[in-house]
Each structure stands twice: as structure tokens, then as C-alpha cells.
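Observations on the three-dimensional arrangement
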Amino acid sequence: MKVLTYNPELCTGARECEKVCAQTWFKVPDREHSSIRIFEQEGKFRAEFCIQCGECIKVCPTNALYYDKQGIVRVKKDLCVGCMSCVGFCPYGVMYYEPQQTLAFKCISCGQCVKACPSGALKIIEVETVSTDLWQGKVGF
Amino acid sequence: MKAVTRNVLAEFDYTVPTIERGYTNQTLYVNVGNGEIKAKPVTEEMKLKFTGGKGFDLWLLWHAVKDTTRWHDPENEIVISTGPCGGITQYPGSGKSLVTTISPTTDIVTDCNTGGHFGPYLKFAGWDAIELQGIAERDVVVVVDAIRGKVTIEEMPEAPKDTHLLGAWLTEVLAEKPEDRYYIATVTSGQAAEHSLLGVLNFSLFDRKRNDLRYKQAARGGPGTVFRHKRILALVVRSRPFDGKTNNPADLARLARVGADMQREVAKWDPVQNRMRNRGTPYLVGIMSDYDLLPVHNHKFGGHPKAHAINGAYWESRFTQDLPDGCWYGCTVACAHAVDGFELKTGPYKGQKVIVDGPEYETAAGVGTNCGIFDGDAILEINFYCDTYGIDTISYGATVAFLMECYEAGILDKEKTEGLELRFGNAEASLELLHRIAAGTPFGKIAGMGVHKLKAYLIEHYGADAQFVHDIGMENKGMEYSMYIAKESLAQQGGYALTNKGPQHDEAWLIFMDQVNNQIPTFEDKAEALHYFPLFRTWFGLCGFCKLPWNDVVDPKNALSDEPHKIPHHVQNYVDIFSAVTGREITKEDIIHMSERVYNFQRVFNIRLGKGLREHDMPPYRALGPVTEEEYLSRQERYDKQLREWLGLDPSTMTLQEKMAAHRKYRYERYEMLMDAVYERRGWTRNGVPTLEKLQELGIDYPEVVEVVKKHL
């Protein structure tokens, strides 16, 4: 699978990733429309984003969720009816939702955030298996 | 698209309106007798007083019929509506359809609550409700086509009759592309509905994972019989792609917040609570038996050692797992499970591998345990044939159990039953009887009358003892009882018989609260519960909601709330959703007011049609206590103890007959006291009639409503 990987040790909390993600996919810079979310606690940063585990695929009633050829879980916009089953059932809470479009959205490993990151804390890599180690700087760094 | 003969008898062109905050603001009227098809406006008064769903159904039906209308008269209608929240996707259980008609078994209004796609798709096709009136000369199909902007009444002579064939056939005929199938929904019945008063309506849903059709049922009170009597073979809607915005809700962000919260709650808690997503409603079979609440042998007993052979874990092993089995999009409680590739062993479809929708708990208990049948395959086969033939599994199970007890009591024998040995446990005989009802054999038609008319038949034709037959015939107002033993729960006795349409548990399911948890010990407590819960539960049917997400998955934090049995967090969810969809800000108290109008209106409607009074709310004795010596002796310790504790009697000095008589007298007296307390709490007279003050308070004191109650005040 082609996935995003993040290293909290390198993150400076610039949040350029959130801005460029939201801008790319929703034409607005606000965090609520970003598929990567940065959190701060006591001066340290952490990130959450889809790790392409695929658990959401089976809960979708319209077959809108699927693995593409690169092993990325994608949302078919014209099939999504906005039921939020995937939002509720994502084991990592990283399926997000746009209420005005009634559309589920998530990280699709496009790499825009990688380019925008001023401190090299993000990469796109190829892996066989996935876990939240991808949020911990333990894979690809 | 399949090319078949289609004879269009009548047609009506229309433009699909934009839905405004959950309403299309028009209803569709179709007369299959004279071909009249028209649009009727939805008024602000209708929305304010009757909300939608069952409320709209009752309002439209009231104006369509006369005081003397019977189920088979042409002016009787079948009315179907979903409600303003029906068809949203953002919250589990938001796609229910409500069906009303004058019932062939009760002669008053019955109302049914079903899943499936028809109600929401009807709304997306432009209609808040549909009225079907009249009687056609030959079988017709009514098609509501949103894509062509046309409603038609057509003859389709090549169409099959039974649901599992007919639904697929119609979908093939009407779908131009494969994806069109997702947006087609059918309402169909089957052969049995032509020979029985217990006919059911099957509401389809297209299951995208299985790539096949599935069916839910509008079951109680015989709407399928009315449908087929009108010579309606099918009702179909052809709708368009939709999503969570199609209802044009007032506040999408608010809707999304509540929806996301509930979806997470279901994901977290269902796996460790009722496991609805894995086993559905039959999780109850084993539990009910353990609490002595599972009907066995025509409600004689409450449990059986074999019950756990068909408990939740068993059905989990039979149901195909890991499929999104919601009966409307977005339902993650997802209890609509199925057994796939089930090979039928009997009947005209023997050898076919089919999808069996179910069984639900009510079916497993009704056609299973209540008839002494504990075999999963037998239950599945009876379930399938009831569905496709168009007969209600609860009423069918209750009727067969009644016949079995009559057979074992010697009232019936092989000569009278066309050779069928109708003994408890004889699954083959039950299945064969089902095929005979479908075929319309003489005994099939007799059995197909249901418990109420069967009692009179057995008394008149076979000299059955009237007292015995009335005691064991589990029906009230003409409708068969659903599958809970109410003998030890006074509240549930009222929950069954103090209902509008008949003893279906949808109004009040109070058994656990009463018998197990003892949360409503006094008459006043029970009366309060029998005021609140029927009204609270009625509300779901005004809006298009399913009740299961309300109380079948609950965050344990609920135990810390001020009224945990009401599940306040979920009640607040519903307040938020209704307000977010309609733009009409309501409170939780408004929920009760909205329902109380419709509930009282339905009570007056019953009175108008000839029931709805105190005498009609009296249960058969088996619903209150032990009818036979066998029943008394099966729980002797409990019943003897009750004689001591309740009546201060010494059972050791009494004969069995004396003990049974004392119980009977006491239980009926207690029930009458409950009736008094409940009627008073509801604002009704001692005879069960809503007072003028109550009607005025509710704003439903229309002249024609007042005219009905005046005769009784």
C-alpha cells in the first residue's frame, strides 16, 4: 500500500500540511477540511491520518469505498450517500465528513502535504502492512 | 430492461418537486377501480397536527372511509408514508415506511411499521404519502416513475405472484441500466394473501453487497389481504440517486454532529452488548426463555430446554457476517440479516437456493418455539414461504399454535384438518399447511382466517367449548398476540391489550422494566408507563424512524442519567434530528404532544369503526394467567406463593381448581384496576373514550371527531 508516514520528532507544528490538504481538496484552508490533523500537547506534536487499513470498506452500504491499484482506500463521490457509517466505524477516527456535501473524505496519499512540510516530517512510502506506527516516526524514517 | 406485455390503463404526468425540509408537500391518490390519479396538497395544519408517516396515513384514511366501511369495501384504502425524517442517511434507522388500512381481522384500523426502501423512494419521487383506493377488475401494477415523471396503473399479465419472483421480475422490467436497480423499490404480497386474512406486504430493498433483492414486512393486521383483494399485484417506485441532502434538511451540520456521535456509539458498544450487527433480533430467543418470557406451545409456557439450540449464537453462525445489513442506508445497527443460499426442501420452489430474510425474533418464536418447533432449518423454510406467499409470520405462528392446541385437545382431528397432524413440534405439518393456504384448499382457507374467526368457526362447526377456546385463543380486538409471555407482567398485559390496533409490542414493551427490574411497582407507575411509552414509541412512526437504535445499543454512561429507562441522550438526538431536518425547533415534551394527537385520533377512529371501548381492551385469560392445570402445575410454586402473598389464602387447603379460580378472579380484577388507572392517565372516560377536554387540549376536536365521541360521553 502507498501510505503517508509522519515523524513527530521532526514536526514543528507549522500545520502547513493541514492548510494545503484542505485547500487542495476543498478550496478552503480550514483544518476541518484537512485529511491530516495535527495535535499539540505540552509542546510536542502528533498527527492522525488514514493508514489505509481498509476496515471501512465492509461497512459501506453503497460500495463507495474500495482499494485502488496502489493500495489506497478511495471514496467514490458519486456513490457516497453521506451516511457516516465509515466515520463511526473507522478504528482510528480518521474518516472525516463534509456535512454540506454529505461526503466522507480521508487521506489518499496524494503527497501535497509532503511537499508543503517545512521540516521534512512527512513522507509517502510503500508498505506491505499498516499500523499506527506510521504516526510515530517508526516507519520510513 | 426486460420487454414484457404492459397494458397501461391510466396515467398521470407530474413534475417531481424539490423536497423542502423533509416534505414534498403533496400526496398521491390512486384509485385502481376507476383509474383516477391525482395529487393532493399537504397543508400546514396536517404537518403541525399529524407530522407525517402514520399521522398522515390516519388523516387520509379517515377522510376516505365511512363509519360502516369494511376491509373489503372499495373505499377502504392502503396508505403508505415515511415521515419528514424518512430518507435521511446520517442517523441509523431513518427509512421506515408506515402503512395503514382497515384490517380484515380486526375491522378497525391497523398500522404497520416496515423497513425497506419504498417510503423514502416514494418521497424522493415526489410524494409524502400514497393512497390506494378502489378495486380493480383484473390484477394491476401501480408504477410511480420519477424518471419519466409518470404514475401509471398497468396490467402486466406475465408477472409472477409470489414476492421473491415478482420483486426480481419487476426490477428487471423497469431498470434500464444495472445501477437503476438500486433506486427501484417494490411492495408485493403473494398467493397466501388471496386465501387468508393474515396477508402481509413485502417491502423490497436492493442489497448492493449481495447484488440481490431482500424484503422487509408490513405485517400486522392483514394489509396484504386488502392489497390482493383490490387486485393490486404490486406497487413500484422508480426513483433517482440520492444522498443525505435530498430531504433538504434545514441544518446539515447539526445533523452530521448527531449522526457521527451515534455511529461511533454503535461501533463501540454493539459488539459487547446485543451484537445486533452479528445476530439481529433473534439474540432474544435464549434470554427470553431464561426469564420465562418465550412463548412455547401457544403461550402456555415461557421457556423450553431446547430454546438455546436456536439462540443468538446459533443464528450468528447461520447469518452471513460482515455485510452492512441495514434496511435503509446509514443504519449501522444493521439487524436485517439473512441466511444465503438456503435450499428449500418443500413446496413449489423445492430445490431453489434462496436468501431467507431472517428470522427475526418474532418469527423464530412465532412459527418456531410457540409451535414447539426448535429446528433452525424448519424455521427458515417457514419464514421464507410466509414471506414469499405473503402471510404474516406472527399471525401465522399464533394461528398454527392455536390449531395445534385444539388438535391436542381433541377439538380437531385428521379428518377435519385434511389429514394434517397438527401437534406441537410437527414442523412438516405446519409447512404443509402453509402450502395449502397458498393453494387455497378448503382447510387452508379455514386456517387462514386467523385466531379470532377460527374460534367462532370451531365453536359453531365442531362444538368446541366456547370458554376454553376463548381462553386459549391468543387474540385481542381480532389481532393475534406477538411473542412475549405477559402472564407475570401486569404492565405488559396492558401493553398488549390497551393498544390501538391490537396486541403488537410496538406500542409498549415493558416486560423487563416491570417483571425483571421491578421499576414500575405501583398502579400509578404502570399507568404512567402505559401513558408515556406508547406515545414516545408512536413518535418514531410519525417521522420515519426505527425504534431499535433508540434502545438496542446504549452507551453505559446512560445508567448515570436522571431517567435511564428513557435513554435521555438518544431522546436528545431525536429532538436534534427532527429540528435539524424540518427547521421546526422542538423539545422532548413536544415529542409526546405530537404523538398524543395522533394516538387519540386513532383511538377515536377505532370507536368510529365500532371498537375502541373498554370491552374491546379485555384480554383472553391466557394472556393474564394459567388457563389449564398443566400451566398451573408447571409453575406451581410461584402460583401457590402468589395466593399466599396477594390474597392471604392457604393453597394447601385448596383444590387445584379452587386455586386456579382464585387466580383468575384476582388477575381479571387487577387488570380492570389497571385499565381504570391507564384510562384516567390518558384523559379518557372509564369506558376508554377520549374526553372532549382531551380532544380540545390536543387540537383535534374537529366536528367529525367530536361527533364520534359525543355518542359515548
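About the criteria used
- Residues numbered from 1 in each chain as written.
- Chains lettered and ligands numbered in written order.
- Predicted model: local features only at pLDDT ≥ 70, side-chain atom pairs only at ≥ 80, totals over all residues.
- Helix = DSSP H or I, 4+ residues; strand = E, 2+ residues; numbered from the N terminus.
- Rg over C-alpha atoms; globule rule 2.2 N^0.38 Å.
- Buried ≥ 20, exposed ≤ 12 C-beta atoms within 10 Å, placed from the backbone.
- Contact = placed C-beta atoms within 7 Å.
- Pairing = 2+ DSSP bridges.
- Axes fitted to C-alpha atoms, helices over the stretch in contact; angles between N-to-C directions.
- Parallel < 35°, antiparallel > 145°, perpendicular 65-115°, else oblique.
- Left-handed = near helix turned anticlockwise from the far one by under 90°.
- Nonpolar A, V, L, I, M, F, W, Y, C, P; charged D, E, K, R; others polar.
- Domains from an automatic or database assignment.
- Expected span 1.5 Å × (residues − 1).

Section: the overall build of chain A
- When its secondary structure is counted, chain A shows 3 helices and 8 strands.
- Ordered by position from the N terminus, the helices and strands of chain A form the series β-α-β-β-β-β-α-β-β-α-β.
- By the compact-globule yardstick of 14 Å for 141 residues, chain A fits well, its C-alpha radius of gyration being 14 Å.
- Expressed as lengths along the three principal axes of its C-alpha atoms, the size of chain A is roughly 40 × 35 × 25 Å.
- Of all 141 residues assigned to chain A, the portion counted as buried reaches 40%.
- Residue pairs in contact within chain A that sit at least 24 positions apart in sequence constitute 58% of those at least 6 positions apart.

Some remarks on the sheet that holds strand β13 (residues 232–238) of chain B
Residue and element names in this part refer to chain B.
- As summarised here, the arrangement of the 7 strands in space is β1-β9-β8-β13-β10-β11-β12, forming an open sheet in which the pairing is mixed. Two strands close off the open sheet at either side, each with one partner strand: β1 (7–13) and β12 (212–218). Taking each pair of neighbouring strands and ignoring which way they run, the sheet shows an average axis angle of 20°.
- Two elements, strand β8 (residues 140–145) and β13, share 6 bridges in a ladder whose sense is parallel. Following the sheet pairing, Val 141 is matched in β13 by Ala 234.

Topic: the packing of helix α17 (residues 490–497) of chain B against helix α19 (residues 523–543) of chain B
Residues and elements named next belong to chain B.
- α19 packs onto α17 with a crossing angle of 30° between their chain directions and a minimal axis gap of 10 Å. With respect to their mutual orientation, α17 and α19 come out roughly parallel. Every pair of crossing elements has a handedness; the one defined by α17 and α19 is right-handed. Along its contact with α17, which presents Leu 490, Ala 491, Gly 494 and Gly 495, the element α19 presents Lys 526, Ala 529 and Leu 530.
- When grouped by side-chain class, the residues that make up the contact of α17 with α19 number 4 nonpolar, 2 polar and 1 charged.

Digging into the domain arrangement of chain B
Residues and elements named next belong to chain B.
- Taken domain by domain, chain B comprises domain 1 (7–238), domain 2 (281–318 + 337–480) and domain 3 (490–710).
- If you average the C-alpha positions of domain 1 and of domain 2, the two centres end up 28 Å apart.
- Residue-level contacts link 29 residues of domain 1 with 26 residues of domain 2.
- Broken down by element, the residue count for the side of domain 1 that touches domain 2 peaks at 4 residues, all from β12.
- Residues of the side of domain 1 that touches domain 2, tallied by class, amount to 8 nonpolar, 14 polar and 7 charged.

Things to note about the environment of Leu 542 of chain B
Residue and element names in this part refer to chain B.
- Among the secondary structure elements, Leu 542 is positioned in helix α19.
- Expressed as a C-alpha distance, the spacing of Leu 542 and Cys 85, which sit 457 residues apart in the sequence, is 8.9 Å.
- Once residues within four sequence positions are removed from consideration, Leu 542 is found in contact with Thr 51, Gly 52, Gly 53, Lys 54, Gly 55, Gly 83, Met 594, Ser 595 and Val 598.

Regarding the packing of α17 of chain B against helix α25 (residues 656–682) of chain B
All names here are of chain B.
- At a closest axis distance of 10 Å, the pairing of α17 and α25 adopts a crossing angle of 65°. In this structure, the crossing between α17 and α25 has a hand that is right-handed. Between α17 and α25, the residues in contact are Leu 490, Gln 493 and Gly 494 and Arg 670, Tyr 671, Leu 674 and Val 678, respectively.
- Its residues assigned to classes, the contact of α17 with α25 shows 4 nonpolar, 2 polar and 1 charged.

Some details on helix α11 (residues 376–389) of chain B
All names here are of chain B.
- Given a rise of 1.5 Å per residue, 14 residues ought to cover 20 Å, and the 20 Å separating the end C-alpha atoms of α11 matches this to within 8%.
- Burial of α11 is extensive: 12 of the 14 residues sit out of reach of the surface.
- Following α11 by one or two positions, Gly 390 has its phi on the positive side, about 80°.

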